Amino acid sequence: MSATDRQRWNEKYTRKPAATIIKPDEWLIEAHDTIAQITPGITTAGRALDLACGLGHNSTWLAQYGWDVDGVDISTEGLSQAELLAAETDTVINWIEADLDDWQPKPDSYDLAIVFRFLDRVTVPLIVNDGLRPGGWLIYETFAAGELDRANSHIRNPAFTLSTGELRLLFTDFEIVDFREETLENRSVQRLLARRR
Ligand SMILES: C[S@@+](CC[C@H](N)C(=O)[O-])C[C@H]1O[C@@H](n2cnc3c(N)ncnc32)[C@H](O)[C@@H]1O
């Protein structure tokens, strides 16, 4: 996909510079609370991977919590804005500019992987399977097909939305700890919390 993707996202981030307030996603906070209850030590000493991290709002929140975070994205512009925002709060994150089509994590090296608003049915399951250690956690939220019925949604391509129940089926080697199909006021999404066996 990727030269065009890089260009498209660089243009998008250049047109609309980052907001100065960085809010983590509510599903990240909720699922992270569940992880903290089940495996308390992991949430302050673990290694985390944010796939297609964009402006890094979730990476930054995790790093402030004590995680050692790698944030991966294809967009040079997005990552440089992410770095500026993180620096405002003295937060250190390892930003990695890479195309997920080619990028490979070190095997079994992460305790947590997160994905928000990004769907690639091939690369994401492969990366998450390889990169998470056994017992490692996955927190995932992205758009569901209901999004296509919303007049004000920017999502128009059905390939970028999940069919009913689909997100959990992408991670067959995982224990599904929580799975939800949510029709929220401003978006339709699927949410997953899963653990590598
Ligand atoms: C909708 S944004 C989501 C960003 C962030 N996860 C969030 O929730 O705000 C999608 C992100 O995917 C990145 N992206 C698109 N294709 C990619 C690829 N092949 N490899 C890595 N990142 C990619 C874009 O640069 C963009 O930052």
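For the structure given in this document, a descriptive report is provided here. Predicted, not measured: the structure shown is a model, and the values here were computed from it.

## Describing the site of the ligand
Near the ligand, the surroundings consist of 17 residues, among which Trp-9, Ala-52, Gly-54, Ile-74 and Phe-116 are the closest. In terms of residues, the shell around the ligand owes the most to one element, helix α1 (residues 2-15), which gives 3 residues.

## Thoughts on α1
Residues lying three or four places apart along an α-helix face the same way, a consequence of the helix completing one turn every 3.6 residues. Given a rise of 1.5 Å per residue, 14 residues ought to cover 20 Å, and the 20 Å separating the end C-alpha atoms of α1 matches this to within 8%. Of all 14 residues in α1, 1 are buried, a share of ten percent or less.

## Quick notes on helix α6 (residues 123-131)
Inspection of α6 places Val-124, Ile-127, Val-128 and Gly-131 among the buried residues, and these make up the whole buried set. The buried residues of α6 occupy one face: seen down the axis, they fall within an arc of 95°.

## As for the pairing of strand β1 (residues 47-51)
Burial within β1 is extensive, with 5 of its 5 residues counted as buried. The alternating pattern of β1 places Arg-47, Leu-49 and Leu-51 on one face and Ala-48 and Asp-50 on the opposite face, and all of these are buried. The sheet contact formed by β1 and strand β2 (residues 68-73) spans 5 bridges and is parallel. Considered in β2, the bridge of Leu-51 is made with Val-72. The handedness of the β1 to β2 crossover, carried by helix α4 (residues 57-65), is right-handed. Pairing of β1 with strand β4 (residues 110-116), which is carried by 4 bridges, proceeds in the parallel orientation. Across the sheet, residue Asp-50 finds its bridge partner in β4, namely Ile-114.

## Brief notes about the pairing of strand β5 (residues 132-143)
For β5, the buried fraction is high: 9 of the 12 residues fall into the buried class. The pairing of β4 with β5 spans 6 bridges and is classified as parallel. Counted as the bridge partner of Tyr-110 is Leu-132 from β5. One crossover worth recording links β4 to the parallel β5 by way of α6, and it is right-handed. As paired strands, β5 and strand β7 (residues 188-196) are joined by 7 bridges and run antiparallel to one another. When the bridges of β7 are listed, Thr-142 appears paired with Gln-190.

## Details of the sheet that holds β4
Within the open sheet, the 7 strands sit side by side as β3-β2-β1-β4-β5-β7-β6. Their pairing is mixed. The open sheet has two free edges, formed respectively by β3 (94-97) and β6 (174-183), since each of these has just one partner strand. The sheet shows a mean angle of 15° between the axes of neighbouring strands, direction not considered. Direction of pairing for β2 relative to β3: parallel, over a ladder of 4 bridges. Along β3, the bridge assignment pairs Gly-71 with Trp-95. Its contacts with the sheet put α6 on β1, β4 and β5, and the angle it makes with β4 is roughly 165°.

## What about unusual backbone geometry?
Even without being glycine, Ala-52 reaches a positive phi, approximately 55°. Relative to the helices and strands, Ala-52 resides in the loop between β1 and α4. The class for Ala-52 is buried, based on 22 C-beta atoms found within 10 Å. Phi at Asp-108 takes a positive value of approximately 55°, unusual for a residue other than glycine. Here Asp-108 shows up in the loop between β3 and β4. Judged by the 13 C-beta atoms lying within 10 Å of it, Asp-108 falls in the partly exposed class.

Basis of the calculations
Residues numbered from 1 in each chain as written. Predicted model: local features only at pLDDT ≥ 70, side-chain atom pairs only at ≥ 80, totals over all residues. Near = placed C-beta within 6 Å. Helix = DSSP H or I, 4+ residues; strand = E, 2+ residues; numbered from the N terminus. Expected span 1.5 Å × (residues − 1). Buried ≥ 20, exposed ≤ 12 C-beta atoms within 10 Å, placed from the backbone. Arc of directions from axis to C-beta. Pairing = 2+ DSSP bridges. Right-handed = clockwise from strand over helix to strand, strands pointing away. Axes fitted to C-alpha atoms, helices over the stretch in contact; angles between N-to-C directions. Contact = placed C-beta atoms within 7 Å.

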